[in-house]
Amino acid sequence: MTKPVILTGLRANNDLHIGNYFGAMLPIIDMAKQKSDEFQVNMFIPDLHSFTTPIDHSDLYDQIIHNARLFVAAGLPLDNPEIYLYRQSYVPAHSELTWILDCFTGFGEMSRMTQFKDKSTKLSSDRVSVGLFNYPVLMAADYLLYGASYVPVGDDQTQHLEYGRDIAERMNSRFGELFVVPEPVAKQHEFFGKDQGLRIMDLVNPTKKMSKSDDTGKGVIFLGDDPAEAVKKIMSATTDDKANVAYDPANQPGISNLLDILALLRGKPVQEVAAEFAGESQYGVFKKVVAEEMQAFLQDFQARLVAVDDNSVMAKLESSEAAMNEQANLTLLRVQQAVGLRPKV
Ligand code: ADP
Ligand code: TRP
């Protein structure tokens, strides 16, 4: 009996910050651990997607392995047989199905994709690749190959997921039941409790979200930051003149953000953490607590990252890739038969 499948692509890089960590990485890992009794959990590194916009290729390979190590350092268990960890390009069926789906996908529907429009306007036209245009088709192949019902993605990816549901339905109505159509986006949100919508804010400008595209880096704490440097960033975080540590994101965004961060570091509800500082008027005292907690977290994370055993990561990737090739090839063959590339048995 086969289990339903949850699938997600792990896009990560060296520049991961604490917003990515608490907002994306940890929730994905928690979900994988919690759901792996009932579901097959596919977590993969979309390496073919990583150069749809121009990159420096000299360290791509190392970067991909580094991605896997980051997730292991953040707690992804390697010994759970229901959690698969694999690289997209090691399962060639992803590329093959993409080509077939390409030929049933309209130029117009791809041109309407907001991510394509946003990203392509930032590049000069000779640098806008067909790969960038095609991105959602490869993404659809990523989950249709495994019959995934649940595909957790960020808001910026929901349009891509809607296309994926469309192309699955289009192929099914033309060729018979080829694909499992993923659940509608609203149902996915319900399933993953997306409404919690955590947002860590920039330390210098706490009304905008912490993001790697901040040019100064002063408002952003990266997982690779020197812990002493991170202490300085917290100590100089923007606050307000109210002289009162209280959780009030609308009126005290800086202090509230630091309370959110402290709550995440301690794994406690923010109200509980805020109550601890009720009546505190000296921001320096409060910031020092947050800074120390951050320092300890970074030291610990960085030590865990160094300690990740490369051989076990590689063994996990290879065993998952063998299993995934088997599953993906079964779907690919059904599609190839349906479109007439292989004889029907
Ligand atoms: P960035 O804005 O730094 O470029 P990405 O857009 O690559 O980050 O986001 C990667 C993942 O991290 C997404 O799932 C996104 O929701 C999450 N994420 C990014 N920034 C934050 C933040 N400040 N707080 C919480 N989650 C975040
Ligand atoms: N496009 C996703 C992102 O930018 C990554 C991704 C690629 C993905 N293929 C996927 C996510 C398939 C879920 C399912 O975050």
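### Considering the nonpolar core
(1) Moving on: Among the nonpolar cores identified, the biggest contains 59 residues, and I18, M43, L259, F286, M294, F297 and F301 are the most heavily contacted of them.
(2) Moving on: The residues that make up this core include at least three from each of domain 1 (5-198 + 310-339) and domain 2 (227-305).
(3) Moving on: Those residues in contact with L259 that lie beyond four places of it in its chain are V245, A246, Y247, V270, V273, A274, F277 and F286.
(4) Moving on: One finds V137, L145, Y146 and L332 within the second-largest nonpolar core, a separate group that totals 39 residues.

### A closer look at the packing of aromatic side chains
(1) Moving on: In this structure the tally under the stated criterion is 16 aromatic pairs.
(2) Moving on: Pairing Y21 with F301 gives two aromatic rings, centres 5.6 Å apart and planes at 80°, and the pair type is edge-to-face. Remark: F301 occurs in helix α12 (residues 283-307) and Y21 occurs in helix α1 (residues 18-35); sequence separation between them is 280 residues.
(3) Moving on: Its relative accessible area of 4% is what places Y21 among the buried residues.
(4) Moving on: We classify F301 as buried; its relative accessible area is 1%.
(5) Moving on: Where F44 meets Y86, the ring centres are 5.6 Å apart and the plane angle is 20°; that geometry is what we call stacked. In this pair, F44 is assigned in strand β2 (residues 40-45) and Y86 in strand β3 (residues 83-87), connecting sequence segments 42 residues apart.
(6) Moving on: With a relative accessible area of 0%, Y86 lands in the buried category.
(7) Moving on: A network of ring pairs unites the aromatic residues Y21, F22, F297 and F301 as a single cluster.
(8) Moving on: Taking the ring centre of F191 as reference, the NZ or CZ of K35 above it sits at 4.2 Å.
(9) Moving on: Positioned over the ring face of Y90 is R87, at 3.6 Å from the centre of the ring.

### Here's the deal with the side chain of Q252
(1) Moving on: One can find Q252 in the loop between α9 (227-235) and α10 (253-266).
(2) Moving on: In terms of polar contacts, Q252 uses its side chain to reach the side chain of D240, at 3.2 Å.
(3) Moving on: Other than its neighbours up to four places away in sequence, Q252 contacts D240, K242, N244, A246 and Y283.

### Things to note about unusual backbone geometry
Of all residues except glycine, most have a negative phi; of all peptide bonds, most are trans.
(1) Moving on: We note that A243 has phi near 50°; this positive angle belongs to a residue other than glycine.
(2) Moving on: Following the sequence through the fold, A243 ends up in the loop between α9 and α10.

### Quick word on the packing of helix α2 (residues 60-73) against α12
(1) Moving on: At a minimum axis separation of 9 Å, α2 and α12 run at an interaxial angle of 125°. For the element pair α2 / α12, the angle class is oblique. For the element pair α2 and α12, the recorded crossing hand is right-handed. Counting all contacts with α2, which are made through H66, R69, L70 and A73, the residues of α12 involved are F301, R304, L305 and V306.
(2) Moving on: A breakdown of the residues in the contact of α2 with α12 according to their chemical character gives five nonpolar, one polar and two charged.

### A short note on the domain arrangement of the chain
(1) Moving on: Examined at the domain level, the chain breaks down into domain 1 (5-198 + 310-339) and domain 2 (227-305).
(2) Moving on: Computed from C-alpha atoms alone, the centre-to-centre distance between domain 1 and domain 2 is 34 Å.
(3) Moving on: The interface is formed by nine residues belonging to domain 1 together with eight residues belonging to domain 2.
(4) Moving on: Together, I18, F22 and A73 form the three largest contributors to the area buried by domain 1 at its contact with domain 2, with a combined 56%.
(5) Moving on: Joining domain 1 to domain 2, the criterion identifies zero salt bridges.
(6) Moving on: At the junction of domain 1 with domain 2, the criterion picks out two residue pairs in polar contact (both at pLDDT 80 or more).
(7) Moving on: Looking at the side of domain 1 that touches domain 2, the elements that each hand over two or more residues are α1 and α2.
(8) Moving on: Take the side of domain 1 that touches domain 2: its biggest share by element is four residues, from α2.

The rules behind these values
- Throughout this description, residue numbers start from 1 for each chain and increase along the sequence as written.
- Chain letters and ligand numbers both follow the written order, the letters beginning at A and the numbers at 1.
- In view of the model being predicted, local features appear only for residues whose pLDDT reaches at least 70, and side-chain atom pairs are presented and counted only at 80 or more, with totals across whole chains, interfaces and linings using the full set of residues.
- Heavy atoms from the whole structure form the basis of all side-chain values; hydrogens and water molecules are not counted.
- The term nonpolar core refers to a set of buried residues drawn from Ala, Val, Leu, Ile, Met, Phe, Trp, Tyr and Cys, joined through side-chain atoms within 4.5 Å.
- With a 1.4 Å probe rolled over the protein chains alone, any residue whose accessible area is under 20% of its type maximum counts as buried; one over 50% counts as exposed, and the rest are partly exposed.
- By convention here, the domain bounds are inherited from an automatic or database domain assignment.
- Note on definitions: a residue-residue contact is assigned when non-hydrogen atoms from the two residues lie within 4.5 Å.
- Pairs were defined over the aromatic rings of Phe, Tyr and Trp, the Trp ring being its six-membered one, requiring ring centres within 6.5 Å. Orientation was assigned from the angle between planes: stacked under 30 degrees, edge-to-face over 60, tilted for the rest.
- Numbering of helices and strands starts at the N terminus; helices are DSSP runs of H or I of at least 4 residues and strands are runs of E of at least 2.
- We call a charge positioned over a ring when the NZ of a Lys or the CZ of an Arg lies within 6 Å of the ring centre and within 35 degrees of the ring normal.
- Within 3.5 Å is the distance limit for a polar contact, defined as a pair of N or O atoms, with the added protein rule that one can donate a hydrogen and the other accept it, and that residues adjacent in sequence qualify only through two side-chain atoms.
- Each axis is a line fitted through C-alpha atoms, taken for helices only over the stretch in contact, and angles between the N-to-C directions span 0 to 180 degrees.
- Working definition: roughly parallel below 35 degrees, roughly antiparallel above 145 degrees, roughly perpendicular at 65 to 115 degrees, and oblique for all remaining angles.
- Put simply, a crossing is left-handed when the front helix is turned counterclockwise from the back one by less than a right angle, and right-handed when it is turned clockwise.
- Side-chain classes are defined by residue name, with Ala, Val, Leu, Ile, Met, Phe, Trp, Tyr, Cys and Pro counting as nonpolar, Asp, Glu, Lys and Arg as charged, and the others, Gly among them, as polar.
- Values labelled buried area give the accessible surface lost by two parts on being combined, using a 1.4 Å probe and summing over both.
- By definition here, a salt bridge exists when the distance from a side-chain nitrogen of Lys or Arg to a carboxyl oxygen of Asp or Glu is within 4 Å.

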